[in-house]
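Now for the letters of each chain:
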Amino acid sequence: MELLAFFLRYARRYVHWGLLALVGILFFSIATAAFVGLINPMFQEVLGASEEEVRSELSRVSPGGGPAEGGGAGPLARLRDAIEARTESLRAAAADLYADVKEAAGVEGRGEVFFSPILLVLVLLLRSLMAFVSGYSFQRAGLGLTTDIRNDLYRHIIHQSSRFHQQHTSGELYSRVVSDVAKLQNAVAARLFDIFMSVALLLVYAAYLLTIHFTMAIVSLFAVPVFGYLLARFGKGMRKVTHRSQERMADLSGFLSEGIRGNRVVKAFGMEEFECRRFERATRGHLLANLRAQFLSTVSSPVIEALAAIGGAALVISAGLMIRDGRLTFTLFFQFLVVLFLMYDPIRKLNKVNLVLQEAVACGKRVHNLMQIKSDIVDRPTAAPISGLERGIRFDDVSFDYEDTGHGKGVLSGIRLDLHRGEVVALVGASGAGKSTLVNLLPRFFDPVAGRVLIDDVDIRALPLQNLRSLIGIVTQETVLFNDSVRNNIAYGRDDLPLEEVRMAAAAAYADDFIMAMPEAYDTVIGEGGQNLSGGQRQRLAIARALLKNAPILILDEATSHLDTESEVVVQRAIYNLMEGRTALVIAHRLSTVVRADRIVVLDRGSIVEEGTHEQLLELGGAYKRLYDLQFHG
C-alpha cells in the first residue's frame, strides 16, 4: 500500500491523461464488440446465407446454445436462463440498430454485399483511432510520471548529506536513477496500457462468448483461474530474480565508474587485466541473474500456450459432438471460435505484462526505499538567514566520529577554536589528524555529534543551508570540474555573469593566459573532470571559481597541491590578496604554504595540541617543530 501511495502521489498530476486513455479504451471496446457483432451479417449478406437459413439453423438450438426444451431448475440453469433472456434482448436491440443504420444509408438489393464490409472497415478504423488515443494518453501519463520520479530521485540524492554518499556508492545511485527508473518507465508508460486494454477486451470477449453459447463459454472460462494462478507464480519468481539482477547491475555500475575514473592509476600499475577480471566476475553474476529472469519470461508463454492448445482441442471435440447431435450449429461455433481466438492476444499480453510489472515493482521498491531515507542535514523550520560575517567563527567543544558509516570513532574530540573576521588560520598535522573533517563541519557537510559551530554566535544549524553555503568558498584537493566550457566551470550556475568578471577571476588565479591559448578560449569544453587539462590548470580553474564567488569565508584544502613551483608562488600571492579582510581556513601538508598565516593550529589524533604563529611554534619545539624538521631537515 505504501508503494501504491507513492505512485498515486505522482499519478494525480496526470489524471486528465488517464481519463482520456480510459475513454479511448471504452470506445475501443465498443468498436471491438461491434466488430464481433458484424460476423453474422457478413455471413448473411456477403457470403450468401439467407436470413431464413440462419434463422432455421438458430431455431435448432436455444438462444444460448442448449436444447430448446427446459434446462432444469438448478442455480446454473437459472443463471443460464437469465443470461439467455438478457442476451436475446441485446441481440434484438443490436439487430434493430443494424437495420436502422442500413435503412438510413438507403441500402437494398445488391448493395447489401458492400454495406457490411464497409461498415466493418469503419468500425476497424474507429477501433484503431481509439487504440492510438488511449495508447498515446497512457504513454504521455506514464512517461511524465516516471520523469517526475527520476527528477525527484536525483534531487533527493543531490540534497543528501556527505554521510549518505559515503554509505551509497556512485554505481548504486547511478543504477537507481538510470536503470531502475527505466524499467519503471517501460512498465508504467507501455505495459500499464496493455493491462487496461487487455482486461477490457477480455471482458468484452467473455460477455460475447456467453451470448453465443452459454455452456461452452462457461467451460472455456474455467481456464481463467488456472491462467491467473500461473501468472501469479511466474510473477512472484520474476520479482525475486529482478531484484537480484538490479543489485548486480548496481555492482556493475560501481566497477565501471571506478575503472573509468581511475584509469590512469589502473594503467600506472599495469592492472588492466585485473580490472577486466573484476568486471567479468560482476558481469557473470549479472548474466546469471538475467538468465533466471529470461528463463521465467521464456517458459511462461509455452506453458500457457500448451494449456490453451489442450483446452482448444477439448473444445473442438466437444463442439463436434454437439454439432453431430444437433445441439450446435456450425455458424455459431465459427463465431465462438473467432471470439475465442481473439481472446488469445490479450491473454498473451497479460502474461508478458505481468512479468514486466513484477520487474517494475522490484525496481519501484528500491527507488521508493531510497527516497524514504531522510537527510541528516536539514534546515530548521525557523531558520533565518544572515547577511555576512561580522565577528568571526567559533568551534565550541566540537566532537565528531563516523560511527554510523563504520569508519571508526573519535575523529575529532573537544575542539575549541575561534577565528576572528579577516584572520587566516592554517590547520596542519599528520594525515588522519582530522583537518579535513574539521573544515567539513563548517559548510555542514556533516554535523558534529557534540558541541556547536557558530558564525557570529549563531549556531550554523539555525541558518538556512543555502544561506550558510553562500558565505563559504571552497577549493579542495580533489578538483571537481564538469564537462562544460571553461566559462561555465568558473561561473558555475551563474549564467548572468559577464565574461569580463569571469576573466578577472581567472586572471587572479593566473589561468587567463592558458585559457586564451585554447582553441575556443573561454568557450572551450574541457571534457569530463577536466581531462583535457593538466593537473595545475584544473586546480587554477577551481581557484578561479572560488575567487569569483567572492564569499567572506574561504576553505582551502590543499588548494595548491597540484601546482608546479612557479605556479604555486603566483597563485599563493593571488590567494593571499583575496584573503585580505576575509576569514580563511587553510589546510596544507607543505608547511611552506602556511608560514604567512596569522595563526597556525596543529591537530593530532582529533585534538588541538598547539596553536600560534610560525615563529612561536618553532620556538615551542613541539609537534609543529617536529613536522617542520621532517620536511626541511629530514
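Presented here is a report on the structure given in the accompanying data block. (Residues numbered from 1 in each chain as written. Predicted model: local features only at pLDDT ≥ 70, side-chain atom pairs only at ≥ 80, totals over all residues. Heavy atoms only, no water.)

Remarks on the overall build of the protein chain
Phase 1 of the analysis: Counting its secondary structure elements, the protein chain contains 22 helices and 10 strands.
Phase 2 of the analysis: Here the protein chain holds 634 residues, and the buried ones make up 44% of them.
Phase 3 of the analysis: Within the protein chain, counting contacts between residues at least 6 apart in sequence, those at least 24 apart form 78% of the total.
Phase 4 of the analysis: Summing over all exposed atoms, the protein chain offers an accessible surface of approximately 33000 Å²; the carbon and sulfur share of this is 59%. (Helix = DSSP H or I, 4+ residues; strand = E, 2+ residues; numbered from the N terminus. Buried < 20%, exposed > 50% of the residue type's maximum accessible area, 1.4 Å probe, protein only. Contact = heavy atoms within 4.5 Å. Areas by Shrake-Rupley, 256 points an atom, 1.4 Å probe, with all protein chains shown as cover.)

Concerning helix H19 (residues 535-549)
Phase 1 of the analysis: End to end, H19 covers 22 Å across 15 residues, agreeing with the expected 21 Å (1.5 Å per residue, within 8%).
Phase 2 of the analysis: Counted residue by residue, H19 has 13 buried out of 15 residues, so it is predominantly covered.
Phase 3 of the analysis: At the C-terminal side of H19, Asn550 shows a positive phi close to 55°. (Expected span 1.5 Å × (residues − 1).)

So, the sheet that holds strand S8 (residues 583-587)
Phase 1 of the analysis: Across the sheet, which stays open at both edges, the 6 strands sit in the order S6-S7-S8-S3-S9-S10 with mixed pairing between neighbours. Of all the strands in the sheet, the pair left with one neighbour each is strand S6 (472-475) and strand S10 (607-612). Direction aside, neighbouring strands of the sheet carry axes that sit 20° apart on average.
Phase 2 of the analysis: Sheet analysis places strand S3 (residues 424-428) next to S8, joined by 4 bridges and oriented parallel. Of the residues in S8, the one forming a bridge with Leu427 is Ile587. (Pairing = 2+ DSSP bridges. Axes fitted to C-alpha atoms, helices over the stretch in contact; angles between N-to-C directions.)

Structural notes on the environment of Asn290
Phase 1 of the analysis: Residue placement: Asn290 occurs in helix H12 (residues 272-324).
Phase 2 of the analysis: It is 5.9 Å that separates the C-alpha atoms of Asn290 and Ser245, two residues lying 45 residues apart in sequence.

Some thoughts on the packing of aromatic side chains
Phase 1 of the analysis: What the rule picks out here adds up to 7 aromatic pairs.
Phase 2 of the analysis: For the ring pair Phe132 and Tyr136, a centre distance of 6.2 Å and an interplane angle of 20° mean the geometry is stacked. A residue pair is termed a helical-turn pair when its members lie 3 or 4 positions apart in one helix, as Phe132 and Tyr136 do in helix H6 (residues 112-158) at 4 residues.
Phase 3 of the analysis: In this structure Phe132 comes out as exposed when scored by relative accessible area, which is 55%.
Phase 4 of the analysis: On the accessibility criterion, Tyr136 (45% relative accessible area) is partly exposed.
Phase 5 of the analysis: With 5.3 Å between their ring centres and 55° between their planes, Phe400 and Phe446 make a pair best called tilted. (Phe/Tyr/Trp six-rings, centres within 6.5 Å; stacked < 30°, edge-to-face > 60°.)

Considerations on the nonpolar core
Phase 1 of the analysis: By size, the foremost hydrophobic cluster in this structure holds 44 residues, and its most contacted members are Ile490, Ile515 and Leu541.
Phase 2 of the analysis: Counting residues per element, this core draws most heavily on H19, at 7 residues.
Phase 3 of the analysis: What Ile515 contacts, discounting residues up to four positions off in sequence, is Val486, Ile490, Ala506, Ala521, Tyr522 and Leu541.
Phase 4 of the analysis: With 32 residues, the next largest nonpolar core counts Val411, Leu441, Leu463 and Ile472 among its residues. (Core = buried A, V, L, I, M, F, W, Y, C linked by side-chain atoms within 4.5 Å.)

Quick notes on the pairing of S3
Phase 1 of the analysis: When you tally the buried positions in S3, you get 5 out of 5 residues, the bulk of the element.
Phase 2 of the analysis: Judged by which residues are buried, S3 turns out to be covered on both faces: Val424, Ala426 and Val428 on one side and Val425 and Leu427 on the other are all buried.

Examining the pattern of salt bridges
Phase 1 of the analysis: Per the counting criterion, the structure on display carries 17 salt bridges.
Phase 2 of the analysis: Put simply, Asp457 and Arg394 hold a salt bridge, and the shortest N to O gap is 3.2 Å. Of this pair, Asp457 sits in the loop between strand S4 (450-455) and strand S5 (458-459) while Arg394 sits in strand S1 (residues 392-400), placing them 63 residues apart in sequence.
Phase 3 of the analysis: Among the residues examined, Asp457 registers a relative accessible area of 51% and is labelled exposed.
Phase 4 of the analysis: Between Glu423 and Arg599 there is a salt bridge, and its shortest N-O distance comes to 2.8 Å. Remark: Arg599 occurs in strand S9 (residues 599-604) and Glu423 occurs in the loop between strand S2 (412-420) and S3; sequence separation between them is 176 residues.
Phase 5 of the analysis: Shared partners join several salt bridges into a network, and the residues in it are Arg391, Arg394, Asp396, Asp397, Arg416, Asp418, Arg452 and Asp457. (Salt bridge = Lys/Arg side-chain N within 4 Å of Asp/Glu carboxyl O.)

Observations regarding unusual backbone geometry
Phase 1 of the analysis: Phi is positive for Asp457, which is not a glycine, with a value near 65°.
Phase 2 of the analysis: Positioned with a positive phi, Arg605 is a non-glycine residue whose angle comes to about 55°.
Phase 3 of the analysis: With respect to the helices and strands, the residue Arg605 is situated in the loop between S9 and S10.

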